[in-house]
Amino acid sequence: MAGLVCELLGERLTDRHQAEVESSALGSDGRLLALYFGCSWSAPCQQFNAELADFYGRFKQGENADKLEVVFISSEEKHQPWLEFVGQMPWLMLPFQDKERKVKLWSKYKVTNIPTLIFIEASTGRIVSRNGQLIIRDDPLGSEFPWGPKSFGEVVAGSLVRNGGQTVNSSDLNGSYIGIYFSAHWCPPCRNFTRILVESYRKIKESGQKFEIIFVSADRSEDSYKQYFSEMPWTAVPYSDEARRSRLNRHYSIQGIPTLIILDQEGKVITLQGRVAVVNDMDCKEFPWHPKPVLELTESNAMQLNEGPCLVLFVDSEEEELEPAKQLIQPIAEKILSEHKEKEESPPLLFFVAGEEDMTESLRDFNNLPESAPLLTILDMSQRAKYVKDVEEITPAVVEEFVRAFLKEKLKPEPI
């Protein structure tokens, strides 16, 4: 247990007085760590810092005081502003000089916005919530600690509304496939996707499938919500039920909109990438869109390259080259998917094969990749890093060795 915390955070952390603290002491059963990613120059971080300090002070006076610790992980470049900022913090922090570990943590948890607060189990490393800000807002006294996993039925429980004012109970949807749609009228990509989703919804319903969508609004006013919802033929969480809307955002770690999550008939997640699935399958022939271990890179799914590390195998553009390429990386892709599905975690890597289309050529140029094919790479666009496997022959064993070395952080990145 202690070893996991030390591996993650290093052997020593510091407090606000720069006194060293052994990180191994944080690794006990039942303890949560709140990893706080931020920076002094960010006004939202300054505001959140005060909110978190209030929450932390109250929590430390409660019965679970010894079961939670916050660790600050800064993106600060200069020591003095960092020193002044952490001087306000009653919790622990990663030492300023441990910059390599800082970069690894930002990459591991795919942090793209600040402030970000991620709760993890100290003994296992399992992510409890990526939306820690919502936890301290919704549960300011920490009475729901340790904020453990709940079923979809528990999180969504209550009345839902339809356009005409009719209400249905969430339990009435039992036995149906469910799409949870996080969206807002002020967001142009949301409005564009909603039009596509309406057509897909109708096709699925007309085919006789049991399918329902629940709209979870991020609109800034009830009037905007009503206008937007009037375009939708499905159900919604009432706008006035802010607590339930927030609970759903928290439960599914929503980081941006539009997001469509597809659940099976038991309320378990089929895919977090429902938006991509719908756009890639306008005829809904592959509904309910179980994830494919390996995807062919297209214009519509290329956005996923920005969401975290992706293995991309570049091959010649002929169709007959793409299928063997998929079979080449399918074994390790299936293993990774299976391993993380058992842990109820998102896979740490997505898998693609790419032909020689214009979009693929642009991707090669942007990343300054060799022109050879086949070419095995891992691209981490969010961290502007690439990993290229330079071998004469690419086999399933070569692919697995490359992936495992990447996941164990044994590969040296090249800058993009």
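Source: prediction; values computed, not measured. (Residues numbered from 1 in each chain as written. Predicted model: local features only at pLDDT ≥ 70, side-chain atom pairs only at ≥ 80, totals over all residues. Heavy atoms only, no water.)

1. With respect to the overall build of the protein
Moving on, step 1. Per the secondary structure count, the protein includes 13 helices and 20 strands.
Moving on, step 2. Here the protein has a C-alpha radius of gyration of 23 Å; the compact-globule value for 416 residues is 22 Å, and the two agree.
Moving on, step 3. Seen through its C-alpha atoms, the protein measures out along the principal axes to roughly 65 × 60 × 35 Å.
Moving on, step 4. In the protein, which comprises 416 residues, the share counted as buried stands at 48%.
Moving on, step 5. Considering only residue pairs separated by 6 or more positions, the protein has 65% of its internal contacts joining residues 24 or more positions apart.
Moving on, step 6. In the structure as shown, the protein presents an accessible area of about 20,200 Å², 48% of it carried by carbon and sulfur atoms. (Helix = DSSP H or I, 4+ residues; strand = E, 2+ residues; numbered from the N terminus. Rg over C-alpha atoms; globule rule 2.2 N^0.38 Å. Buried < 20%, exposed > 50% of the residue type's maximum accessible area, 1.4 Å probe, protein only. Contact = heavy atoms within 4.5 Å. Areas by Shrake-Rupley, 256 points an atom, 1.4 Å probe, with all protein chains shown as cover.)

2. Things to note about the pairing of strand β13 (residues 259-263)
Moving on, step 1. Within β13, five of the five residues are buried, which leaves the element mostly enclosed by the surrounding structure.
Moving on, step 2. A two-sided burial pattern is seen for β13, the buried positions comprising T259, I261 and L263 on one face and L260 and I262 on the other.
Moving on, step 3. Pairing of strand β10 (residues 177-183) with β13, which is carried by five bridges, proceeds in the antiparallel orientation. Each bridged residue has a counterpart across the sheet, and for I178 the counterpart in β13 is L263.
Moving on, step 4. Both β13 and strand β14 (residues 269-271) contribute to a ladder of two bridges, which runs antiparallel. Considered in β14, the bridge of I262 is made with T271. (Pairing = 2+ DSSP bridges.)

3. Topic: a negative patch on the surface
Moving on, step 1. Together, D316, E320, E321, E356, D365 and E371 line one region of the surface with negative charge.
Moving on, step 2. Looking at the secondary structure, you find D365 in helix α12 (residues 358-367). (Patch = residues over 30% accessible without salt bridge, like charges linked within 9 Å, V, L, I, M, F, W, Y side chains within 5 Å. Salt bridge = Lys/Arg side-chain N within 4 Å of Asp/Glu carboxyl O. Lys, Arg positive; Asp, Glu negative; His and termini not counted. Charge placed at Lys NZ, Arg CZ, Asp CG, Glu CD.)

4. Some remarks on the sheet that holds strand β16 (residues 310-314)
The pairing of strands in a sheet comes from backbone hydrogen bonds and takes either a parallel or an antiparallel form.
Moving on, step 1. Spatial ordering of the open sheet is given by β15-β17-β16-β18-β19-β20, a layout of six strands whose pairing is mixed. The outermost strands of the open sheet, each flanked by one partner alone, are β15 (295-296) and β20 (414-415).
Moving on, step 2. As paired strands, β16 and strand β18 (residues 375-380) are joined by five bridges and run antiparallel to one another. The partner of V312 across the bridge, within β18, is T377.

5. Topic: the pairing of strand β17 (residues 350-354)
Within a regular strand, side chains alternate between the sheet's two faces.
Moving on, step 1. Taking burial as the measure, the five residues of β17 include four buried ones, the bulk of the element.
Moving on, step 2. Inspection of the sheet shows β15 paired to β17 by two bridges, in the parallel sense. The residue bridging L295 from the neighbouring strand is F352, located in β17.
Moving on, step 3. Bridge analysis of β16 against β17 gives five bridges, and the strand direction is parallel. Bridging from a neighbouring strand, L311 pairs with F351 of β17.

6. Things to note about the side chain of N367
Moving on, step 1. Turning to its location among the elements, N367 is positioned in helix α12.
Moving on, step 2. Overall, N367 belongs to the buried group, its relative accessible area being 0%.
Moving on, step 3. Within the local environment of N367, its side chain forms a polar contact with the backbone oxygen of L363, the two atoms lying 2.8 Å apart.
Moving on, step 4. Not counting the four nearest positions on each side in its chain, N367 is found in contact with L379, M381, K386 and I416. (Polar contact = N/O pair within 3.5 Å; in protein donor to acceptor, adjacent residues only side chain to side chain.)

7. Some words on the environment of D223
Moving on, step 1. Take D223: it is sitting in helix α8 (residues 222-229).
Moving on, step 2. Residue classification places D223 among the exposed residues on the basis of a relative accessible area of 60%.
Moving on, step 3. Between the alpha carbons of D223 and V294 there is a distance of 42 Å; along the sequence they are 71 residues apart.

8. A few points about unusual backbone geometry
Moving on, step 1. Following I114, the chain continues to P115 via a peptide bond in cis, the omega torsion being 0°.
Moving on, step 2. For the bond from F145 to P146, the omega torsion is 10°, close enough to zero to count as cis.
Moving on, step 3. Assignment of secondary structure puts P146 in the loop between α5 (132-138) and α6 (152-156).
Moving on, step 4. Here the phi dihedral of W147 falls at roughly 55°; this positive angle occurs in a residue that is not glycine.
Moving on, step 5. Residue class for W147 comes out buried when judged on its relative accessible area of 6%.
Moving on, step 6. If you check the backbone angles, C284 has positive phi at about 60° while not being a glycine.

9. Focus on the packing of aromatic side chains
Moving on, step 1. The full count for this structure, using the stated rule, is 28 aromatic pairs.
Moving on, step 2. Look at F72 and F85: their rings are 5.7 Å apart centre to centre, the planes differ by 75°, and that puts the pair in the edge-to-face class. Note that F72 is positioned in strand β4 (residues 68-74) and F85 in helix α3 (residues 79-86), a separation of 13 residues in sequence.
Moving on, step 3. Given a relative accessible area of 4%, F85 falls into the buried group.
Moving on, step 4. The lysine or arginine in question, K108, covers the ring of Y109, its NZ or CZ lying 5.7 Å from the ring centre. (Phe/Tyr/Trp six-rings, centres within 6.5 Å; stacked < 30°, edge-to-face > 60°. Lys NZ or Arg CZ within 6 Å of the ring centre and 35° of its normal.)

10. Describing the environment of S221
Moving on, step 1. Along the chain, the position of S221 falls in the loop between β11 (211-217) and α8.
Moving on, step 2. Each C-alpha atom, one on S221 and one on V315, is 49 Å from the other, the two residues being 94 residues apart in sequence.
Moving on, step 3. A distance of 3.1 Å separates the side chain of S221 from the side chain of S224, its partner in a polar contact.

11. A closer look at the pattern of salt bridges
Moving on, step 1. What the rule picks out here adds up to 20 salt bridges.
Moving on, step 2. A salt bridge links E212 to K205, with the nearest nitrogen and oxygen atoms 3.9 Å apart.
Moving on, step 3. Note on E212: relative accessible area 3%, which makes it buried.
Moving on, step 4. Since its relative accessible area comes to 37%, K205 is described here as partly exposed.
Moving on, step 5. Note that E286 and K292 form a salt bridge whose closest N and O atoms lie 3.2 Å from each other.
Moving on, step 6. Of the residues examined, K292 reaches a relative accessible area of 45% and is grouped as partly exposed.
Moving on, step 7. A single salt-bridge network, built from bridges that share partners, covers E11, R12, E20 and E22.

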